[in-house]
Amino acid sequence: MGFFDFMTEDIAIDLGTANTLIIHNDKVVIDSPSIVARDRISGKIIAVGKEASMMQGKTHENIKTIRPLKDGVIADFDASEKMISLFIKSIPALKKRMFTPALRMVVCIPSGITEVEMRAVKESCERVNGKEVYLIHEPMAAAIGIGIDIMQPKGNMIVDIGGGTTEIAVIALGGIVCDKSVKIAGDVFTNDIVYYMRTQHNLFVGETTAEKIKIQIGAAIEDLETPPEDMSVQGRDLLTGKPKQVEVSYREIAKALDKSIQRIEDAVMETLSQTPPELAADIYNTGIYLAGGGSMLRGLDKRISQKTDLPVYIAEDPLRAVVRGTGMALKNIVKFKSILIK
């Protein structure tokens, strides 16, 4: 076993719809968009991560950009496996090795995932040399990453708004008491913005541009205390077909996203209504924790707080909360044995 230990490397992966993060030796070594670019003729992967995301929406017919994950689960098995394998091979500390070491991995998965989808994640990892693969539910990982002691007999509510799914869970005694997974998250927000620009401004913008709008001026409420400046958006005019630029304010984006945010609010309310009374009492005191990239939407915390009458806290570095938690679970596999799915 001693020799095998030396040959094994531990890595924690947050395989997300939008971004994949990998922790190795307690450091985030990979933080890249979950996207690959494939050459249509040879079938080879020509770019992955940031490089591939720069190609998105700008390709000719011989290059295809693929997002292997959709709604938090693997949609393109082959591409996802290649993507994971390329990410692992590009970890600086593993590059020096002559051959790929055996890996002990903890990977996080959405809580509303089916048996089959779970197996797809596991198989993907085993095929990139994962000898021991453990899975952990995303809200669990987020809670650990936020710094909550999840083993306590105390209720905590986590809302993790990712790229493909929003995971809402009430956690106590190291388990998920009630949860809800809705497929409304960052990707839907982006599409809402594309649709809004089309219908309100007759401007056709790509996903990458919509994503930029969301990050730069995205908002969940129409009256922010510190509003971002208006943004110039370029795209194609649907009427004349010419490229054009329009000015967009955060208020418009708040309008565009309103319906989707309402559905997230509803899901939060529904989860609260299913919470056992003792845990509801705890949550009244502890409030709601937000994690994931979607939680960075301006004013979202305030909006959820107004809807639920509870204090709402955003995790520090929300984009990395889940992978941090996954990394902590990996370090204390013995302590967290009960929450890891073998």
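Computed from a predicted model, the values in this text were never measured in an experiment. (Residues numbered from 1 in each chain as written. Predicted model: local features only at pLDDT ≥ 70, side-chain atom pairs only at ≥ 80, totals over all residues. Heavy atoms only, no water.)

Caption draft 1: Highlighting the domain arrangement of the chain. Split into domains, the chain comes out as domain 1 (148–184 + 259–319) and domain 2 (186–256). Taken together, the contact between domain 1 and domain 2 spans 15 residues of the former and 17 residues of the latter. Both faces considered, domain 1 and domain 2 share a buried interface measuring about 1300 Å² in area, 58% of it formed by carbon and sulfur atoms. At the surface where domain 1 touches domain 2, the tally comes to one salt bridge. Put simply, glutamate 225 and lysine 302 hold a salt bridge, and the shortest N to O gap is 3.8 Å. (Domains from an automatic or database assignment. Contact = heavy atoms within 4.5 Å. Buried area = accessible area lost by both parts, 1.4 Å probe. Salt bridge = Lys/Arg side-chain N within 4 Å of Asp/Glu carboxyl O.)

Caption draft 2: Highlighting the sheet that holds strand β17 (residues 288–291). The mixed open sheet is built from five strands, whose spatial order is β13-β12-β11-β17-β18. Here the strands that pair on one side only, and so sit at the sheet edges, are β13 (175–182) and β18 (312–314). Within this sheet the neighbouring strands show an average axis-to-axis angle of 20 degrees, counted without direction. Examined bridge by bridge, strand β12 (residues 166–172) and β13 share seven bridges and lie antiparallel to one another. By the bridge assignment for β13, alanine 172 is matched with glycine 175. Along the sheet face, helix α6 (residues 138–146) touches β11 (156–161), β12, β13 and β17 and points at about 65 degrees away from the line of β12. (Pairing = 2+ DSSP bridges. Helix = DSSP H or I, 4+ residues; strand = E, 2+ residues; numbered from the N terminus. Axes fitted to C-alpha atoms, helices over the stretch in contact; angles between N-to-C directions.)

Caption draft 3: Structural context of the UniProt feature "binding site: ATP" (unreviewed entry) in the chain. In this structure's numbering, the residues bearing the UniProt feature "binding site: ATP" (unreviewed entry) are Thr17, Ala18, Asn19, Gly163, Gly164, Thr165, Glu211, Lys212, Ile213 and Lys214. Position of isoleucine 213 relative to the elements: it lies in helix α8 (residues 207–217). Once you skip the residues sitting within four places of it in the chain, isoleucine 213 turns out to touch Ile193, Met197, Gly218, Met231, Val233 and Ile253. Along the chain, the position of lysine 214 falls in helix α8. Since its relative accessible area comes to 12%, lysine 214 is described here as buried. Apart from the residues lying within four places of it in its own chain, the contact partners of lysine 214 are Gly186, Phe189, Thr190, Ile193, Leu297 and Arg298. (UniProt positions renumbered as here; feature names shortened; annotations may be inferred. Buried < 20%, exposed > 50% of the residue type's maximum accessible area, 1.4 Å probe, protein only.)

Caption draft 4: Local environment of the packing of helix α3 (residues 77–89) against helix α5 (residues 115–126). Packing of α3 against α5 brings their axes to within 9 Å, and their N-to-C directions diverge by 45 degrees. In terms of axis orientation, α3 runs oblique to α5. Classified by chirality, the crossing of α5 by α3 is right-handed. Here Phe77, Ser80, Glu81 and Ile84 of α3 come into contact with α5, specifically with Ala120, Glu123 and Ser124. Residues that form the contact of α3 with α5 fall into these classes: three nonpolar, two polar and two charged. (Parallel < 35°, antiparallel > 145°, perpendicular 65-115°, else oblique. Left-handed = near helix turned anticlockwise from the far one by under 90°. Nonpolar A, V, L, I, M, F, W, Y, C, P; charged D, E, K, R; others polar.)

Caption draft 5: Region of the structure containing the nonpolar core. Core analysis: the biggest nonpolar cluster contains 46 residues, and Phe189, Met197, Ile213, Val233 and Ile288 have the highest contact counts within it. The greatest single-element share of this core, amounting to nine residues, is contributed by helix α9 (residues 250–274). In this structure, this core is formed jointly by two domains, domain 1 (148–184 + 259–319) and domain 2 (186–256), each of which donates at least three residues. Among the nonpolar cores identified, the runner-up in size contains 30 residues, and Ile74, Phe87, Met105 and Cys125 belong to it. (Core = buried A, V, L, I, M, F, W, Y, C linked by side-chain atoms within 4.5 Å.)

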